[in-house]
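Summary of structural features
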Amino acid sequence: MDIREHIIETAISLFYSRGCKAITMDEIASEAGISKRTLYEQFADKEALLEAGIQWWNKKGQKVMEAITKEAENTLDVLLKIHHYQSEQMVKMSIDLVSDIKKYYPQVFKNTILASREQHRARSKDFLLRGQAEGIFRDDINIDLINDLFEMMFFFIHDKNRALVQQYSYEEFFRCTAICYIRGISTEKGLNYIDKHYAKK
């Protein structure tokens, strides 16, 4: 691992657990075991480091999703496993992170959160269409509306005034969001698969 990636991993770990506003460049340098000079040789300021960190995190998540897609039994299995992974990540994330980025670093928010959101919507739409072709998802659903609703849920649960992701375990969070959401759009074939493979033990 080179010094740049080491700095990014250190910074994103701090941002992820505590939000980005509270974290200073001094703290990042100290945690990474490097001098401030070395840090600023790699990144001009915290905003540049934050953007690089989120892009790095998104690429890491993309690799996880590609591995899930490769190993999954069918489209429904892909969606459930991806949502399980995302739920696990969300409950570990600081409730301040998304709101901090949006409020204090709007350009970073646009370049990372909003950009990845469009990619997620396109991928989700593709999975839903494939699921319909497989007879797993109902043909009468409005896929764009389903995407809108799931996106609204994501931002709702990260609202720091509600802090839902801090109140529940990721297992409960996953079961009461992804499972309920996906059951609602599934055919009998899809419901049987969920009950067989994801029923609560």
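Relevant structure appears above.
Before going into details, it helps to say that this report is about the structure given with it.

What follows deals with the side chain of Thr-187. The topology assignment puts Thr-187 in the loop between α9 (170-185) and α10 (188-198). For Thr-187, the side chain forms a polar contact with the main-chain oxygen of Gly-135, separated by 2.6 Å. Apart from the residues lying within four places of it in its own chain, the contact partners of Thr-187 are Gly-135, Ile-136, Phe-137 and Arg-138.

Glancing now at the nonpolar core. One finds Phe-15, Ile-28, Leu-39, Leu-49, Leu-50 and Ile-101 to be the most contacted residues of the largest nonpolar core, which totals 29 residues. For this core, the elements supplying multiple residues, two or more each, are α1 (3-18), α2 (25-32), α4 (46-71), α6 (97-104) and α7 (106-133). Broken down by element, this core gets its largest block of residues, 7 residues, from α1. Core analysis: the second largest hydrophobic core is formed by 24 residues, Leu-80, Tyr-85, Ile-182 and Tyr-198 among them.

Quick look at the packing of α6 against α7 now. For the pair α6 and α7, the least separation of the axes is 5 Å and the interaxial angle reads 120°. Looking at the two axes, α6 sits oblique to α7. Between α6 and α7, the contacting residues are Val-98, Ile-101, Lys-102, Lys-103 and Tyr-104 on the first element and Pro-106, Val-108 and Phe-109 on the second. Taken together, the residues of the contact of α6 with α7 break down into 6 nonpolar, no polar and 2 charged.

Quantified by volume, the second largest pocket comes out at close to 170 Å³. In terms of lining, the second largest pocket is formed by Arg-4, Ile-8, Ala-52, Gln-55, Trp-56, Lys-59, Lys-60 and Lys-63. Put simply, the parts of the chain that give the lining of the second largest pocket at least two residues each are α1 and α4. In terms of residues, the lining of the second largest pocket owes the most to one element, α4, which gives 6 residues.

Calculation criteria
- Residues numbered from 1 in each chain as written.
- Predicted model: local features only at pLDDT ≥ 70, side-chain atom pairs only at ≥ 80, totals over all residues.
- Heavy atoms only, no water.
- Helix = DSSP H or I, 4+ residues; strand = E, 2+ residues; numbered from the N terminus.
- Polar contact = N/O pair within 3.5 Å; in protein donor to acceptor, adjacent residues only side chain to side chain.
- Contact = heavy atoms within 4.5 Å.
- Core = buried A, V, L, I, M, F, W, Y, C linked by side-chain atoms within 4.5 Å.
- Buried < 20%, exposed > 50% of the residue type's maximum accessible area, 1.4 Å probe, protein only.
- Axes fitted to C-alpha atoms, helices over the stretch in contact; angles between N-to-C directions.
- Parallel < 35°, antiparallel > 145°, perpendicular 65-115°, else oblique.
- Nonpolar A, V, L, I, M, F, W, Y, C, P; charged D, E, K, R; others polar.
- 1 Å grid on protein atoms, 1.4 Å probe; cavity = no way out; pocket = protein on both sides within 12 Å on 5 of 7 lines; lining within 4 Å.
- Points joined across faces, edges and corners; volume = space filled by probe spheres on them.

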